[in-house]
Amino acid sequence: MNFEPTIPNSETTEERNPFAIRFLEPSQVRLFHSDPSDAAIRLTLEGELSWRSVRIARAFPFSDPEAYIGLRDEEDEDIGIVRDLKSLDAESRAVATAALDRRYFTPKVLKVHSVSEKSGSATFDVETDRGPVRFVVRSLRDNSFSMGPNRLMLVDSEGGRYEFPDITAYGGKAYYVLSKVM
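Residues numbered from 1 in each chain as written. Predicted model: local features only at pLDDT ≥ 70, side-chain atom pairs only at ≥ 80, totals over all residues. Heavy atoms only, no water.

**Details of the overall build of the chain**
Point 1. Each helix and strand in the chain was counted, giving two helices and twelve strands.
Point 2. Helices (α) and strands (β) of the chain occur, in sequence order from the N terminus, as β-β-β-β-β-β-α-β-β-β-β-β-β-α.
Point 3. Principal-axis analysis of the C-alpha atoms places the extent of the chain at approximately 65 × 35 × 25 Å.
Point 4. The proportion of buried residues among the 182 residues of the chain is 36%.
Point 5. In the form shown here, the chain has an accessible surface area of approximately 11,000 Å², with 48% of it arising from carbon and sulfur atoms.
Point 6. Charged side chains in the chain number 24 positive and 30 negative. The centres of these two groups are separated by 8 Å. (Helix = DSSP H or I, 4+ residues; strand = E, 2+ residues; numbered from the N terminus. Buried < 20%, exposed > 50% of the residue type's maximum accessible area, 1.4 Å probe, protein only. Areas by Shrake-Rupley, 256 points an atom, 1.4 Å probe, with all protein chains shown as cover. Lys, Arg positive; Asp, Glu negative; His and termini not counted. Charge placed at Lys NZ, Arg CZ, Asp CG, Glu CD.)

What follows is the structure, given as C-alpha cells:
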C-alpha cells in the first residue's frame, strides 16, 4: 500500500479553493496505525489518496463532540470533514476516538482546595475527576474560556485544560477569582 500523498491528475493545488469544505464519504475513510507501536495515524481515502500522518480535531468539542470531525495532513492542510464519527467503520472510529480523547483530555474540577493570585497568575490546588492537581494559570483573562453561564475552562502554563462545570459550586475565593473572567 502506498502511503505517499498523491494529487489526482484532474485537480492541482492551484485549482483548489482553500475555503471550500470537503465532506468525506465515511465508507471511503480508513484510519489506522501501521502497527500498534506507531503513534502516527494513517488515512486512506479508498480509491483516491493516502497520508502517512493525519491530525484529527472536533469542530464543536463541547456542544457536539461526535459530529464534524476534521482531518488535516502533516502540513496542517485540511483534508476533509467526517460528518458523524459513528458513521466510520469500527477500526477507524476506534483510532479517531482514541486520538480525540488524547487531544481533548480535560479533567473536571470537583473541588477547589485553594487558589492564590500573584503578579497576574493564579495558582489552583484542586481535586479533579482524575485526581488531585496543582496548576498555575498565567494571565487568567487570556487563558480562560467561558463555556456557558457558569461553566469555564482554564488553560494552565503547560497547556493543560481544566473544566469548571459550575463556578458557583466552589464558593468563597475560588468563585471570586473565577467570576472575574466570566
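**What to know about the domain arrangement of the chain**
Point 1. Assigned domains within the chain: domain 1 (26-104) and domain 2 (109-179).
Point 2. The straight-line distance from the C-alpha centre of domain 1 to that of domain 2 is 31 Å. (Domains from an automatic or database assignment.)

**Some words on the packing of aromatic side chains**
Point 1. This structure, assessed with the given rule, holds six aromatic pairs.
Point 2. Look at F124 and F164: their rings are 5.8 Å apart centre to centre, the planes differ by 55 degrees, and that puts the pair in the tilted class. A residue pair is termed long-range when its members are at least 10 positions apart, and F124 in strand β8 (residues 121-128) and F164 in strand β12 (residues 161-164) qualify at 40 residues. We note that F124, like F164, is buried.
Point 3. Taking 3.9 Å as the distance between ring centres and 5 degrees as the angle between the ring planes, the aromatic pair formed by F135 and Y162 counts as stacked. One end of the pair, F135, is in strand β9 (residues 131-138); the other, Y162, is in strand β12, and 27 residues separate them in sequence. (Phe/Tyr/Trp six-rings, centres within 6.5 Å; stacked < 30°, edge-to-face > 60°.)

**Brief notes about the UniProt feature "domain: DUF1854" (unreviewed entry) in the chain**
Point 1. Look at the UniProt record and you will see "domain: DUF1854" (unreviewed entry) annotated at residues 53-170.
Point 2. Taken as a whole, residues 53-170 contains 12% helix and 46% strand, while its terminal C-alpha atoms sit 42 Å from one another. (UniProt positions renumbered as here; feature names shortened; annotations may be inferred.)

**What about the environment of R58?**
Point 1. As for its position among the elements, R58 is in strand β4 (residues 55-58).
Point 2. With relative accessibility at 14%, the residue R58 sits in the buried group.
Point 3. In sequence terms R58 and D84 are 26 residues apart; their C-alpha atoms lie 11 Å from each other.
Point 4. Once you skip the residues sitting within four places of it in the chain, R58 turns out to touch P65, Y68, I69, L100, D101 and Y104.
Point 5. Here P65 takes part through its backbone oxygen, which lies 3.0 Å from a polar atom of the side chain of R58. (Contact = heavy atoms within 4.5 Å. Polar contact = N/O pair within 3.5 Å; in protein donor to acceptor, adjacent residues only side chain to side chain.)

**Notes on the sheet that holds strand β1 (residues 29-32)**
Point 1. The strand order β1-β2-β3 describes an open sheet built from three strands, whose pairing is antiparallel. Either end of the sheet is taken by a strand with one partner, and the two such strands are β1 and β3 (49-51). In this sheet, adjacent strand axes meet at a mean angle of 10 degrees when their direction is disregarded.
Point 2. Examined bridge by bridge, β1 and strand β2 (residues 42-45) share four bridges and lie antiparallel to one another. Each bridged residue has a counterpart across the sheet, and for L31 the counterpart in β2 is L43. (Pairing = 2+ DSSP bridges. Axes fitted to C-alpha atoms, helices over the stretch in contact; angles between N-to-C directions.)

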